[in-house]
Amino acid sequence: MNRRKFIQNTALTGAGIATGVAAMSCKEVPEEKDIAVSTTKSISKSSYISISTWDTSSANNASGELLAQGKPALDAIIAGVAVEEANEENTTVGIGATPDREGNVTLDACVMSPDGDYGAVLAVENIVHVAALARKVMEETPHVIMASKGAEEFAYTQGFKKQKLLTPASEKAWKEWLKTSNYQPAINVENHDTIGMLAMDSSGDIAGVCTTSGLGYKMKGRVGDSPIIGSGLFIDNEVGAAVATGMGEEVLKTVGSFLVVELMRNGMSPQKACEEAIHRIVKKGDRYKDFQVAYIAMNKTGETGSYAIHKGFNMMKYQNENAEVIISDYYNK
Ligand code: SD4
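The model shown is predicted, which means the values in this text are computed figures rather than measured ones. (Residues numbered from 1 in each chain as written. Predicted model: local features only at pLDDT ≥ 70, side-chain atom pairs only at ≥ 80, totals over all residues. Heavy atoms only, no water.)

**Let's talk about helix 4 (residues 148–157)**
Here is step 1: Residues of helix 4 that are buried: Ala151, Glu152, Phe154 and Ala155. Mapping the buried residues of helix 4 onto a view down its axis gives an arc of 160°, with all of them on the same face. Residues of helix 4 that are exposed and point over 90 degrees away from its buried face: Glu153 and Thr157.
Here is step 2: As for helix 4, its buried residues are in contact with strand 5 (118–124), helix 3 (130–140) and strand 6 (145–147).
Here is step 3: Remark: Gly159 follows helix 4 within two positions and exhibits a positive phi of approximately 90°. (Buried < 20%, exposed > 50% of the residue type's maximum accessible area, 1.4 Å probe, protein only. Helix = DSSP H or I, 4+ residues; strand = E, 2+ residues; numbered from the N terminus. Arc of directions from axis to C-beta. Contact = heavy atoms within 4.5 Å.)

**Some remarks on the packing of aromatic side chains**
Given two aromatic rings, one states the distance between the centres and the angle between the planes to describe the pair.
Here is step 1: Applying the stated criterion to the full structure yields five aromatic pairs.
Here is step 2: With a centroid separation of 6.4 Å and an interplanar angle of 25°, the aromatic rings of Tyr48 and Tyr318 are classed as stacked. Highlighted residues: Tyr48 in the loop between strand 2 (18–24) and strand 3 (49–53) and Tyr318 in strand 13 (residues 314–319), separated in sequence by 270 residues.
Here is step 3: Judged by relative accessible area, which is 7%, Tyr48 ranks as buried.
Here is step 4: Ring centres of Trp54 and Phe313 lie 4.9 Å apart, and the angle between their planes is 85°; on these two criteria the pair is classed as edge-to-face. (Phe/Tyr/Trp six-rings, centres within 6.5 Å; stacked < 30°, edge-to-face > 60°.)

**Looking at the confidence of the model for the chain**
Should pLDDT be low for a region, the predicted coordinates there are not to be read in detail.
Here is step 1: On average, residues of the chain score 86 in pLDDT, and 83% of them are at 70 or above.
Here is step 2: Segment residues 1–42 is flagged for pLDDT under 50; beyond a separation of four residues in sequence, or across chains, it makes 106 contacts in the model. (pLDDT = per-residue confidence, 0-100.)

**Some thoughts on the pairing of strand 10 (residues 240–246)**
Here is step 1: Among the seven residues in strand 10, seven count as buried, and that is most of the element.
Here is step 2: Of the two faces of strand 10, the one holding Gly240, Ala242, Ala244 and Gly246 and the one holding Ala241, Val243 and Thr245 are both buried throughout.
Here is step 3: For strand 9 (residues 233–236) and strand 10, the ladder comprises four bridges, and the chain directions are antiparallel. Among the inter-strand pairings, Phe234 is bridged to a residue of strand 10, identified as Ala242.
Here is step 4: Taking the residues that link successive antiparallel strands as the turn, the strand 9-strand 10 hairpin has three residues.
Here is step 5: In this structure, strand 10 lies alongside strand 11 (residues 293–299), joined through seven bridges in antiparallel fashion. From the neighbouring strand, Ala242 faces strand 11, where its bridge partner is Ala297. (Pairing = 2+ DSSP bridges.)

**What to know about the pattern of salt bridges**
Here is step 1: Scanning the model with the defined rule gives 14 salt bridges in all.
Here is step 2: The residue Arg135 makes a salt bridge to Glu139 at a minimum N-O spacing of 3.0 Å. Here Arg135 pairs with Glu139, and both are found in helix 3, just four residues apart, close to one helical turn.
Here is step 3: What makes Glu139 partly exposed here is its relative accessible area of 42%.
Here is step 4: With a closest N to O distance of 3.8 Å, Lys289 and Asp286 form a salt bridge.
Here is step 5: Overall, the relative accessible area of 42% leaves Lys289 in the partly exposed class.
Here is step 6: Overall, the relative accessible area of 55% leaves Asp286 in the exposed class.
Here is step 7: Taken together, the shared-partner salt bridges in this structure form one network comprising Asp75, Arg135 and Glu139. (Salt bridge = Lys/Arg side-chain N within 4 Å of Asp/Glu carboxyl O.)

**Topic: the sheet that holds strand 9**
Here is step 1: On the basis of which strands lie adjacent, the open sheet formed by five strands has the order 9-10-11-12-15 and mixed pairing. In this open sheet, the two edge strands, each paired with only one partner strand, are strand 9 and strand 15 (329–330).
Here is step 2: Against the sheet, helix 7 (residues 256–265) makes contact with strand 9, strand 10 and strand 11, and its axis sits at roughly 145° relative to strand 10, the strand it touches most.
Here is step 3: Packing against the sheet, helix 8 (residues 270–282) makes contact with strand 11, strand 12 (304–308) and strand 15, and its axis sits at approximately 20° to strand 12. (Axes fitted to C-alpha atoms, helices over the stretch in contact; angles between N-to-C directions.)

**Quick word on the nonpolar core**
Here is step 1: Grouped together as the largest cluster of nonpolar side chains are 49 residues, with contacts concentrated most on Leu198, Val260, Val293, Tyr295, Met298 and Ile309.
Here is step 2: Counting 40 residues, the second-largest nonpolar core is a separate cluster that includes Ala76, Val105, Leu107 and Phe160. (Core = buried A, V, L, I, M, F, W, Y, C linked by side-chain atoms within 4.5 Å.)

What follows is the structure, encoded as structure tokens:
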């Protein structure tokens, strides 16, 4: 048990960033090539850490670099995920995201601050930076969730610009999809790249964010776990934080991120807590074979963990000017 296998770790200079792949298995794993994941290190008070879901290193490094400058976790994560929200190539976040089956790009996001505040926007159209908008809901309104047209109108009052989110590429892909209209979210494909990001700043305060367009070709009006407190994201600054990605319906039914944080409160490591939350889903029956769910988590001492149902999930980690790609361990071996 707890066998550690170091695969590769390459330090880059200049930008002060290193990229590497660290690997560790937390259970008996038959195949060396499948061994994965998770680093656990203690963090000192003056240290900081940012982690994010999937291959979102530009976003996570942007957050990490702000933390390195002493910026608060909340500012770092909102600026971090904004990098991907503005990236047209990412088809599950912000501009260029995959639309619903009627061709509307609708975005969901939420944020939690170290003092336990929460803000979210659901099914918003025409606004790229919905994580920043969720923060505005948290800080500038008496509410915690705003949806659809109301959220969009609120955005304009806060100075957000109206922007078309359906790009020529995402429109072309949607028109292609319409030929079959086959709704079958594929593991690690249509679920890929929603960003959940968690950060602890040099004061030891934790904040988190989740931003997504949800599942590609979803039904009009569908909202997943990502903007919902306790499911897509949960922070308790006394304990730690967790964020989810993948099939939101399943995360919602197990209130996954809250579960991970509560398990950490009861003494589990972030790694074990992510594993247990995945087990709650897979033990319901065989349907897990057709969808992906993954969690990442951190606790107050700077330990991190990640776990997925299926192979192919990564966590980005930036700590003390060192950026790593963590290949996540997974259930379905
Ligand atoms: C959702 N959980 O809307 C999101 C999708 C996702 O990576 O995370 N994709 O269900």
